[in-house]
Every structure is written in C-alpha cells, then in structure tokens.
Amino acid sequence: AQKVTQAQTEISVVEKEDVTLDCVYETRDTTYYLFWYKQPPSGELVFLIRRNSFDEQNEISGRYSWNFQKSTSSFNFTITASQVVDSAVYFCALSEAGGTSYGKLTFGQGTILTVHP
Amino acid sequence: EADIYQTPRYLVIGTGKKITLECSQTMGHDKMYWYQQDPGMELHLIHYSYGVNSTEKGDLSSESTVSRIRTEHFPLTLESARPSHTSQYLCASSSRTGWGTDTQYFGPGTRLTVL
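Residues numbered from 1 in each chain as written. Chains lettered and ligands numbered in written order. Predicted model: local features only at pLDDT ≥ 70, side-chain atom pairs only at ≥ 80, totals over all residues. Heavy atoms only, no water.

A. Broad picture of the nonpolar core. If you look at the biggest cluster of nonpolar residues, it comprises 23 residues, and the most contacted ones within it are W36, F75, F77, Y90 and L113 of chain A. Elements supplying a minimum of two residues to this core: strand 2 (10-14), strand 3 (19-21), strand 5 (32-39), strand 8 (64-69), strand 9 (74-79), strand 10 (88-96) and strand 12 (111-116) of chain A. Dropping the residues within four chain positions of it, L113 of chain A is found in contact with I11, V13, V19, I79, D86, S87, A88 and Y90 of chain A. Listed in part, the 18 residues of the second largest apolar core include V89 of chain A together with L45, Y48 and F106 of chain B. (Core = buried A, V, L, I, M, F, W, Y, C linked by side-chain atoms within 4.5 Å. Buried < 20%, exposed > 50% of the residue type's maximum accessible area, 1.4 Å probe, protein only. Helix = DSSP H or I, 4+ residues; strand = E, 2+ residues; numbered from the N terminus. Contact = heavy atoms within 4.5 Å.)

Given below as structure tokens:
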C-alpha cells in the first residue's frame, strides 16, 4: 500500500525567510508519480508540480523549488523568500502507475504554512 | 489546466434532507473524482469514475452515491443528510496526456454543514 507522510503539521515563518516542506513516501511500485498541491484559504486545490519516479532532476519555478531523492523516498518543496500570499495548506501526493490504483492519488496529511509580514 | 465547477459553494441544511452536490468540467476529461476533506485537513477519495456509466467507490466508505451519465457531469447525492456528513467536498477531473499518469485538477469545493 502506498503512503505519504508530511511530518510538519504547521510551519510559521516571517516574510522573506526560506522554508522547506518535507514529504516522505512509501510505495512498492517502481513507476510512480509525485505531486504538490496548494490549498489557499478559499479552499480549492491548486496543482503545483508533478514528477515521475525515473526523473530525479530537481526543478525550480520562480521562488519554488523541488528536491526529489529516491534514495530517501523524499520529495521536498522549498519556497525561497516567502511572501504572505504563500500562506496556505500544502499537500504532497503520490500516484501509482497502473493496476487498480491507476490515477488515484494518495495525499499526505498537509502542512499549514503561515507567513507573517 | 481544467475548468471545473462545483455548486453550491456553501450549503447549510437540516438533518434528513436529500442533497445533490454538482460538479462539472469543460475540458472533456474522462476521469472524475470526489474527495471528502475533514476539518483535520486530510483528503479522502470517496468516489471516482473512469468514464460515462462507470463509477467506483473510493478508499473511504461513504453513504453518498454518484452518477456519470455525461462526460462533463459527476454529481454526488446524499439521500438523507446527517451531521456526520458535515465536511468539505472536492471534485477533480483528469485525462491522460502522452504517457504516464494523469494530473488531477480540482474544483473550488462545496462546504456542507448539516445541522
């Protein structure tokens, strides 16, 4: 069975600080996909990024960066120079490639990020 | 990116009422999903559909039912609402592009309160 763990329930930072959100996953599949979603106070989940299990290249998008390490089963998310608008709940999720689990997401518990001005 | 809509956004209703939460998407995605999000934030898959006339129960048991008569429409119905149904319900859709898995795109959610 697959599992995603976000050990940090809440993180509080001051604007312009860098912050890293941790995500650790478990799966028996050799092919799988990892996701990060953002849930602002308005409630919708906003897709941020998707990574394939065979592509460990780190990715940077503006102030956001993701570090994928298969050796430690981790897919961590860093926000550089955080802003108040980054305040939200962030979810890490895992999807397996096939079988009865195809396309289905397993979510972590979520991390509440609060950025203070 | 999908355009996916949910109505109503907020609903307060009394125990025993029948309710239908609407979800529609305009991207022609073949797969659609319903998630329940409890106040502790965790998201649980309660129903999914891989196409018209296909519906399956998700990982979390739910007293709700769904139907998929049209590709773009995936309503969720509670025949008799109870306070334990109070939650946020999120609808999502996805479609396979190229190879690999889908990316799910979410609607704005419906916050249901049953008194």
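B. Structural context of the pattern of salt bridges. Residue and element names in this part refer to chain B. Going through the model one piece at a time under the given rule, you end up with 9 salt bridges over all chains. E63 is the partner of R82 in a salt bridge, and the nearest nitrogen-oxygen pair spans 2.7 Å. Here the residue R82 occupies a position in the loop between strand 8 (76-78) and strand 9 (87-94), and E63 occupies one in the loop between strand 6 (54-57) and strand 7 (65-66), the gap between them amounting to 19 residues. E72 is the partner of R70 in a salt bridge, and the nearest nitrogen-oxygen pair spans 3.1 Å. For R70, a relative accessible area of 43% puts it in the partly exposed group. Given a relative accessible area of 33%, E72 falls into the partly exposed group. (Salt bridge = Lys/Arg side-chain N within 4 Å of Asp/Glu carboxyl O.)

C. Highlighting the side chain of H29 of chain B. Considering the arrangement of structural elements, one finds H29 of chain B in the loop between strand 3 (19-25) and strand 4 (31-37). Within the structure, H29 of chain B has its side chain in polar contact with the side chain of S93 of chain B (distance 2.9 Å). (Polar contact = N/O pair within 3.5 Å; in protein donor to acceptor, adjacent residues only side chain to side chain.)

D. Region of interest: the sheet that holds strand 7 of chain B. Residue and element names in this part refer to chain B. Strand order in the open sheet formed by 4 strands is 1-3-8-7, and the pairing between neighbours is antiparallel. Looking along the sheet, the strands with just one partner apiece sit at the ends: strand 1 (4-7) and strand 7. Pairing of strand 1 with strand 3, which is carried by 4 bridges, proceeds in the antiparallel orientation. Across the sheet, I4 pairs through a bridge with Q25, a residue of strand 3. (Pairing = 2+ DSSP bridges.)

E. A look at the packing of aromatic side chains. Applying the stated criterion across every chain yields a total of 20 aromatic pairs over all chains. A ring pair is formed by Y25 of chain A and Y32 of chain A, whose centres lie 5.1 Å apart and whose planes are at 55°; its orientation type is tilted. An identical accessibility class is assigned to Y25 of chain A and Y32 of chain A; each is buried. An angle of 85° between the planes, with centres 5.3 Å apart, marks the rings of Y37 of chain A and F106 of chain B as edge-to-face. One end of the pair, Y37 of chain A, is in strand 5; the other, F106 of chain B, is in strand 10 (residues 105-106), on a second chain. (Phe/Tyr/Trp six-rings, centres within 6.5 Å; stacked < 30°, edge-to-face > 60°.)

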